[in-house]
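Topology and contacts: notes
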Amino acid sequence: MSDFIYTPPLYPNLDVIYQDDDLVVVNKPSGLLSVPGRLKENKDSIISRLQAINKNAMPVHRLDMDTSGLMVVALSKRAVSALGKAFINKEVKKFYLALVSGVPQKTGEILLPIRCDIENRPLQIVDFEYGKPSHTIYKRIDEGFKIHPSVDFNDCSVVKLTPVTGRSHQLRVHMASVGHQILGDRFYADENVIKKAARLCLHAAFLSFTHPFTGEVMTFTVCPDFLYINSQDLKKIFI
């Protein structure tokens, strides 16, 4: 990965879905870091862009750089604490949509322990001795969608992914490990699957949590750019 050059998308600068005094929900594009990297050239991120507008913006969770989709960001100290606890206590619901190679069974779960590949950071590997327990549930979606014409969808499937645990790169590693690599995955897919899409076809499409101060259940759904599902059918997928 030494030849990688960080070139985050510049437009839209921020796709804000919801905002109040304590939190903001954004739709992160693929290719943009969630938080600033250590190097100067890797500082651009969702958090740095939000902090340019509101200096109090602080992360409470992350998405992989290549993954797009919904993120909630705290805008106050009390929100950092409250939302952080909600994630720790698994009170936040998150579902993903992905395009994968092949045709997996209609539903299934993957229980494979994962750890960092020390010699090939940031890659993760399945390790039954030292890996952390990791659990993913998947469901194949067979109808009600359209694929972006730029994607080679031959012998591929749409899946809904539920990360029961939240390990780094978990969904990517798990799907690759069971023979259904995510399209465009430059880390874990083979060359043919990488070429099927210009980006990683993994998107955090559903986010739901109870607002820590109003008590309102906040639910958000956003379709990815590699896939189209009308809003009514999209909601049905996540019921």
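The structure reproduced in this document is the subject of the present report.

Conventions used here
- Residues numbered from 1 in each chain as written.
- Predicted model: local features only at pLDDT ≥ 70, side-chain atom pairs only at ≥ 80, totals over all residues.
- Heavy atoms only, no water.
- Phe/Tyr/Trp six-rings, centres within 6.5 Å; stacked < 30°, edge-to-face > 60°.
- Helix = DSSP H or I, 4+ residues; strand = E, 2+ residues; numbered from the N terminus.
- Buried < 20%, exposed > 50% of the residue type's maximum accessible area, 1.4 Å probe, protein only.
- Disulfide = S-S within 2.5 Å.
- Contact = heavy atoms within 4.5 Å.
- Salt bridge = Lys/Arg side-chain N within 4 Å of Asp/Glu carboxyl O.
- Expected span 1.5 Å × (residues − 1).
- Arc of directions from axis to C-beta.

Examining the packing of aromatic side chains
This model, assessed by the stated rule, comprises seven aromatic pairs. Relative to F206, the ring of F95 lies with its centre 5.0 Å away and its plane at 40°, an arrangement referred to as tilted. Of this pair, F95 sits in strand 5 (residues 93-101) while F206 sits in strand 12 (residues 202-210); the two residues are 111 residues apart in sequence, bridging distant segments of the chain. The interplanar angle of 5° and the centroid separation of 5.7 Å between the aromatic rings of F95 and F238 together place this pair among those described as stacked. Placement of F95 in strand 5 and of F238 in the segment after helix 5 (231-237) is noted, with a sequence separation of 143 residues between them. Considered together, F95 and F238 belong to a single accessibility category, that of buried residues. Linked through ring pairs, Y18, F209 and F220 together constitute an aromatic cluster.

A word on the state of the cysteines
According to the stated counting rule, one finds zero disulfides in the structure shown. As a non-bridged cysteine, C201 has C156 as the owner of its nearest cysteine sulfur, 8.8 Å distant. The closest cysteine sulfur to the non-disulfide-bonded C223 is located on C201, 12 Å from its own sulfur. The exposure class assigned to C223 is partly exposed, which follows from its relative accessible area of 23%.

A short note on the environment of F206
A residue is classified by how much of its surface remains accessible, and F206, at 9% relative accessible area, is buried. For the pair F206 and L10, spaced 196 residues apart in sequence, the C-alpha to C-alpha distance is 24 Å. Residues within four places of F206 in sequence aside, it is in contact with L70, K93, K94, F95, T219, F220, T221 and F238.

Overview of helix 3 (residues 170-177)
Buried residues dominate helix 3, accounting for six of its eight residues. Those residues of helix 3 that fall on the buried side of the exposure criterion are Q170, L171, R172, V173, H174 and M175. Of the residues one or two after helix 3, G179 is the one with positive phi, at around 85°.

Side note on the pattern of salt bridges
Counted under the stated rule, the structure contains 12 salt bridges. For R172, the salt bridge goes to D66, with nearest N and O atoms at 3.6 Å. Note that R172 is positioned in helix 3 and D66 in the loop between strand 3 (58-59) and strand 4 (68-74), a separation of 106 residues in sequence. There is no split in this pair, since R172 and D66 are both buried. Measuring nitrogen to oxygen at the nearest pair gives 3.0 Å for the salt bridge that ties K195 to E191. One network of salt bridges, in which partners are shared, links D64, D66, R172, D185 and R186.

A word on helix 2 (residues 77-88)
Between its terminal C-alpha atoms helix 2 stretches 17 Å, which fits the 16 Å expected from 12 residues at 1.5 Å a residue. Within the sequence span of helix 2, burial applies to A79, L83, G84, A86 and F87. Relative to the axis of helix 2, the buried residues are bounded by an arc of 160° and lie together on one face. In this structure, helix 2 carries K77, K85 and I88 as exposed residues pointing more than 90 degrees from its buried face. Considering only its buried residues, helix 2 is in contact with strand 2 (23-28), strand 4, strand 5 and strand 12.

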